[in-house]
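Geometric and topological summary
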Amino acid sequence: MTLTDIVDLSSDDELGEVDVKPVKLEPGLVGRKLQQNENNKALLVKHQKSKTPCAIRESEENRSSNALSTGHSNSSILDQGQSPVDDTGLSYTSPLSPAPLCRQFWKAGNYNDGIGSKVTIQNGKNYLHVHPMFLHSNATSHKWAFGAIAELLDNAVDEIQNGATFVIVDKTSNPRDGSPALLIQDNGSGMDPEAMRRCMSFGFSDKKSKSAIGQYGNGFKTSTMRLGADVIVFSRHQDKRVLTQSIGLLSYTFLARTGHDRIVVPMVDYEFNTSTETLEIMHGTEHFMSNLSMLLQWSPYSTEADLLKQFNDIGAHGTKVIIYNLWFNDDRNVELDFDTDPEDIRISGDTKKVNASSKWKTVNEEHIANRFHYSLRVYLSILYLRIPETFQIVLRGRVVEHHNIANDLKFPEFILYKPQMGGSVEGQVITTIGFLKEAPHVSFHGFNVYHKNRLILPFWQVVSYLDSRGRGVVGVLEANFVEPSHNKQDFEKTSLFQKLEARLKEMTWEYWDYHCGLIGYQVKKKLIPQVSSNRTPHSGVQQPVTLGQSSPAVGSKKAALGRFEQLIPDSQGRMKRKENGDIPPVKNVKAKLIDGKSQNVQVTRLRSEIKELNDEYSRMMSELESLETVKEESGV
């Protein structure tokens, strides 16, 4: 057949000019028998024992119902609100020469599609479409490269409910020039051709599960374009005995150098014919050839055979994402450092130095609160509050060991907080708070706030200290009642979030004032320990922290905490019980004394009441420990 020079970009009726080179279908590839791939377990073992390149993945989070692609097209134009039928006269390329592509991310937004670029009016209608410059400006929401990588891993973790057992992060090389590329791969359910198009589009998410991390439908685009100029996606999906293989390319380099004034995404799809046991192209030969030509010209793979080889290690289903032409930092080095540690990925030149005495400088610099800024292995170890035993994150051939920050605390307490808005309770959270084990020799403090199991704010410093008040105090909590920002590195600044911030400040000061003497600081205020329905004071022995386990563990704490009765002094100083409400700290309790005899009576009575208070506390702590023992024995 003769390949046409016109590529259909969205439908049978919409034609435009593109830079296309004729290609031929390679004999033996399409229509051949589909080779069986090695199973998923073997793939995981291979990546754990070797440094063989592997790949990345993003599931079906980031999709857009605004994408102009249909089931009859292999290429998507990411436009909004336009009709494929009416838009036959739009110009897709600039008449001027393509703009050079800067390799530094923060300077790469100077896209130039030419002075003469314009939107053509068809049948008296104007159409809004997405300019390629939006790919870059959209990605600037990620200030931190590791935040972009975490966005991609979220999709693999969301696939656990579909049977995913691993996600692999590794380095590979672009075969065209040998430059490093980032690859992540999982064995989730994969994406069919329509899901692939939604993945490459904007603002669409079909994640309906309340436990799913992704919700905005933008993470794939922001994260991949933040890490590199180009990304190619391979996905295999099987549903109702229909097996499909899809390949999609989102390339800022392609769009910039060809001067496109809107986003064009070439895609090709294959379907496995169970009757003939062969791969067959989908959506028509002409469309397939047009898109294949763009893929071979702008992807790392120059032949169709090389493209199809990327499915060999995916297994029966799964997705692989390869990000190439990685961005440089201001020193013109690749931003992701693959060389310093062969079992890690670091951010080039971002090792944090800590101001500390020479004796404790190493302890501070090697602490997890410092290292997560530049070590991907450390960051991934705390990225999720809970990881199922059936799922593994494999970074450069070695499994990432899950780390629960709550286990780093000494003298821990559990504090129940129930935020209210408009008189109604909006949610509840149990915060584990304590001193870092290295305190007072470390300068770190703050709260690690998770949302739906995902770390949003690591070591969030809600207080600043000038006199060491709050130093070394760290907390862990899962706040599902506040909404994260779209880059999942902060929360939306709602009134509910502001209430949480204020409460965490109070927790920090309160905890410090009561416990700073335990780590060697002078107690400035002599306070009587308080017992509250929303507070479980520590005993002299460190108690195990269970926030890293499943939710029933938290529930058992709530059951025990809910049975605490509150004690408040009346006007004569006598302690009375109250079933509900917060307890103010018991301090400055004074009685009007008439003579020495009445003073002795008052002291005796107060001592008796304090003894009752201590007995009540001991009883409740014993009950709490019993509940934890029952939970552990039952395997909850």
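Since this is a predicted model, take the numbers as computed values, not measurements.

Attention shifts here to the overall build of the chain. What the chain contains, in helices and strands, is 14 helices and 26 strands. Here the chain, with 636 residues, has 55% of them falling under the buried criterion.

One pass over the full model with this rule turns up 16 aromatic pairs. Judged by centre distance (5.9 Å) and plane angle (70°), the ring pair of F435 and W512 falls under edge-to-face. Of this pair, F435 sits in strand β20 (residues 429–436) while W512 sits in helix α12 (residues 495–515), placing them 77 residues apart in sequence. Residue classification places F435 among the buried residues on the basis of a relative accessible area of 0%.

Quick look at unusual backbone geometry now. A cis geometry characterises the amide bond from A439 onward to P440, with omega recorded as 10°. The topology assignment puts P440 in the loop between β20 and β21 (446–451). A positive phi is found at R396, a non-glycine position, where the angle reads about 50°. Residue placement: R396 occurs in the loop between β15 (392–395) and β16 (398–399). Given the relative accessible area of 9%, R396 is considered buried.

A full pass over the atoms with the stated rule returns 14 salt bridges. K361 is the partner of E365 in a salt bridge, and the nearest nitrogen-oxygen pair spans 3.6 Å. Remark: K361 and E365 occur in helix α9 (residues 361–365); sequence separation between them is 4 residues, near one turn of the helix. Of the residues examined, E365 reaches a relative accessible area of 17% and is grouped as buried. Residue K361 is classed as partly exposed on the basis of its relative accessible area, which comes to 31%. D490 is the partner of K493 in a salt bridge, and the nearest nitrogen-oxygen pair spans 2.7 Å. Judged by its relative accessible area of 51%, K493 falls in the exposed class.

Quick look at the environment of F491 now. Tracing the chain through its elements places F491 in the loop between β23 (473–478) and α12. According to the relative accessible area criterion, F491 is buried, its value standing at 2%. Considering only alpha carbons, one finds F491 and V449, 42 residues apart in sequence, at a separation of 9.7 Å. Excluding residues that lie within four positions of it along the chain, F491 makes contacts with V449, H451, I456, L457, A479, V482, E483, P484, S485 and F497.

Averaged over every residue, the pLDDT of the chain is 75; the share at 70 or more is 64%. Under a pLDDT of 50 for its full length, residues 77–100 has, in the predicted model, 89 contacts with residues more than four places off or in other chains. A low-confidence stretch, residues 203–217 (pLDDT under 50), is modelled with 56 contacts involving residues beyond four sequence positions or located in other chains.

Rules of the game
Chains are numbered independently. Their residues run from 1 in the order of the written sequence. Owing to the predicted nature of the model, reporting of local features is limited to residues with pLDDT of at least 70; listing and counting of side-chain atom pairs is limited to 80 or more, with chain, interface and lining totals taken over all residues. Side-chain numbers here rest on the full set of heavy atoms in the structure, without hydrogens or water. Starting at the N terminus, helices and strands are each numbered in turn, a helix being any DSSP run of H or I of at least four residues and a strand any DSSP run of E of at least two. Only protein chains enter the area calculation, which uses a 1.4 Å probe; residues under 20% of their type maximum are buried, those over 50% are exposed, and those in between are partly exposed. Each Phe, Tyr or Trp ring, with Trp reduced to its six-membered ring, pairs with another whose centre is within 6.5 Å; inter-plane angles below 30 degrees give stacked pairs, above 60 give edge-to-face pairs, and intermediate values give tilted ones. Only one rule defines a salt bridge in this text: a Lys or Arg side-chain nitrogen within 4 Å of an Asp or Glu carboxyl oxygen. Pairs of residues are marked as contacts when any of their non-hydrogen atoms sit within 4.5 Å. For every residue, the predictor reports its confidence as pLDDT, a number between 0 and 100.

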